[in-house]
Amino acid sequence: MRLSTVSIAGKTTWGIVKGDEFLDVGTVLKTRYADLKAAVTAGLDGVAEAAASAVATPLDAVTWLPVIGNPDKILCVGLNYEMHRKETGRSEVENPTIFARYANSQTGHLQPIIRPKVSTDLDYEGELAVIIGKPGRYISQEDAMSHVAGYACYNDGSIRDFQRHTHQFTPGKNFPDTGAFGPWMMTPDELGPLDDLRLQTRLNGTVVQEATFGQMIFDIARQIEYCSTFTRLEAGDVIVSGTPGGVGAKRTPPLWMKPGDIVEVEIDKLGILRNPIEDEAA
């Protein structure tokens with residue numbers, strides 16, 4: 001299944017994306033699940049069956065919102081492809097590099113990524129997002145993938161000068177409307193094995209990042225194992241699994257996103273996340 005959170009005529013709901021239509025399952029199951037996170041928490045019980053009685057809306061009539069708008073936490077993995085590690089000059093490490101993104105920094109498919117008025121150093125980072133479906137602590141790598149509810153495209157937009165203010169990443173990763181998440185999440189049974197799937201980031205149609213998930217330094221199972229060691233993973237949590245090399249900050253000259261640009265993150269079989277770039281309002 002492909003599941004998404006959207007707004008229709010000003011009303012927020014969630015449901016199934018099928019072909020060129022959105023099926024409003026959220027309204028059918030409103031007495032059971034308040035939102036997509038609640039449905040994920042319940043293991044998506046009854047969701048597929050509810051599609052038969054859901055109202056269909058053309059996709060061009062919906063406003064896309066972040067797939068999970070209210071996760072308990074968003075954990076981002078840094079420096080998780082060798083090319084990106086090398087271009088940043090960072091040392092090899094034995095454990096994943098983790099930082100946090102806040103839920104209110106996110107935006108949806110086709111919605112603008114906002115360049116804040118305090119910076120021009122807005123960078124792209126195409127990534128695979130992992131949505132946790134089953135909570136747990138001290139999850140083993142062998143059991144990790146059973147905790148995954150689905151996958152989505154993510155653009156971990158970064159305000160690089162604020163990221164460089166100190167040795168930690170948090171300020172530059174949490175400006176409003178910089179973390180694009182969508183258009184939908186796809187369940188693991190539909191997406192299938194990850195290793196050979198290609199991620200590609202394009203800026204104004206030009207490929208700027210490309211890798212397969214088999215090139216990750218720490219795979220998804222290792223990320224889940226590590227994150228669940230220092231925090232309890234909850235259903236609806238999001239792990240943003242790392243970006244390949246080719247970021248704008250490490251190009252000569254740097255390649256910053258600017259108003260009028262279009263950035264796309266495409267993952268084989270999963271879909272395309274597309275966002276225009278706009279300046280923050282005065």
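Computed from a predicted model, the values in this text were never measured in an experiment. (Residues numbered from 1 in each chain as written. Predicted model: local features only at pLDDT ≥ 70, side-chain atom pairs only at ≥ 80, totals over all residues. Heavy atoms only, no water.)

J.: Can you walk me through the sheet that holds strand 9 (residues 113-115) in this structure?
T.: Hydrogen bonds along the backbone pair up the strands of a sheet, which may run parallel or antiparallel. Strand order in this open sheet of five strands is 9-19-18-15-16, and the pairing throughout is mixed. With partners counted over all chains shown, the strands left at the sheet margins are strand 9 and strand 16 (206-212), one partner each. Each strand of the sheet is rotated relative to its neighbour by a mean of 20°, with strand direction disregarded. With three bridges connecting them, strand 9 and strand 19 (residues 271-279) associate as parallel partners. Opposite arginine 115, over in strand 19, you have aspartate 279 as the bridge partner. (Pairing = 2+ DSSP bridges. Helix = DSSP H or I, 4+ residues; strand = E, 2+ residues; numbered from the N terminus. Axes fitted to C-alpha atoms, helices over the stretch in contact; angles between N-to-C directions.)

J.: Help me understand unusual backbone geometry in this model?
T.: Leaving glycine aside, a negative phi is the common case for residues, and trans is the common case for peptide bonds. In this model, glycine 182 is joined to proline 183 through a cis peptide bond whose omega is 0°. Among the structural elements, proline 183 can be located in strand 14 (residues 179-186). Going from threonine 252 to proline 253, the amide bond is cis rather than trans, its omega being -5°. You will see that asparagine 204, though not glycine, has its phi angle at about 55°, which is positive.

J.: Just to check I follow, could you spell out the nonpolar core for this structure?
T.: The tendency in soluble globular proteins is for nonpolar side chains to be buried as a group. Core analysis: the biggest nonpolar cluster contains 47 residues, and Phe213, Ile224 and Leu270 have the highest contact counts within it. Looking at which element gives the most residues to this core, the answer is helix 8 (residues 220-230), with four residues. Lining this core are residues from two domains, each supplying at least three of them: domain 1 (2-64) and domain 2 (74-279). In contact with isoleucine 224, other than residues within four places in its own chain, are Ile132, Ile139, Ala144, Val148, Leu233 and Ile239. Of all hydrophobic cores here, the second largest spans 30 residues; its members include Ala51, Phe99, Ala149 and Phe181. (Core = buried A, V, L, I, M, F, W, Y, C linked by side-chain atoms within 4.5 Å. Buried < 20%, exposed > 50% of the residue type's maximum accessible area, 1.4 Å probe, protein only. Domains from an automatic or database assignment. Contact = heavy atoms within 4.5 Å.)

J.: Looking at this structure, I do not really get the domain arrangement of the protein. What am I missing?
T.: Partitioning the protein into domains gives domain 1 (2-64) and domain 2 (74-279). A straight line from the C-alpha centre of domain 1 to that of domain 2 covers 25 Å. Taken together, the contact between domain 1 and domain 2 spans 11 residues of the former and 16 residues of the latter. The largest contributions to the domain 1 side of the interface with domain 2 come from Arg2, Val40 and Trp64, which together make up 61% of the buried area. Applying the counting rule to domain 1 against domain 2 returns zero salt bridges. (Buried area = accessible area lost by both parts, 1.4 Å probe. Salt bridge = Lys/Arg side-chain N within 4 Å of Asp/Glu carboxyl O.)

J.: I keep staring at the pairing of strand 11 (residues 126-132) and nothing clicks. Help me out?
T.: A regular strand places its side chains so that they alternate between the two faces of the sheet. In terms of burial, strand 11 is largely enclosed, as seven of its seven residues are buried. Here strand 11 shows no split at all, with Gly126, Leu128, Val130 and Ile132 on one side and Glu127, Ala129 and Ile131 on the other all buried. Where strand 11 and strand 12 (residues 148-156) come together, seven bridges link them in antiparallel fashion. What sits directly across from leucine 128, in strand 12, is cysteine 153. Bridging between strand 11 and strand 17 (residues 238-240) involves three bridges; their strand directions are antiparallel. Following the sheet pairing, isoleucine 131 is matched in strand 17 by valine 238.

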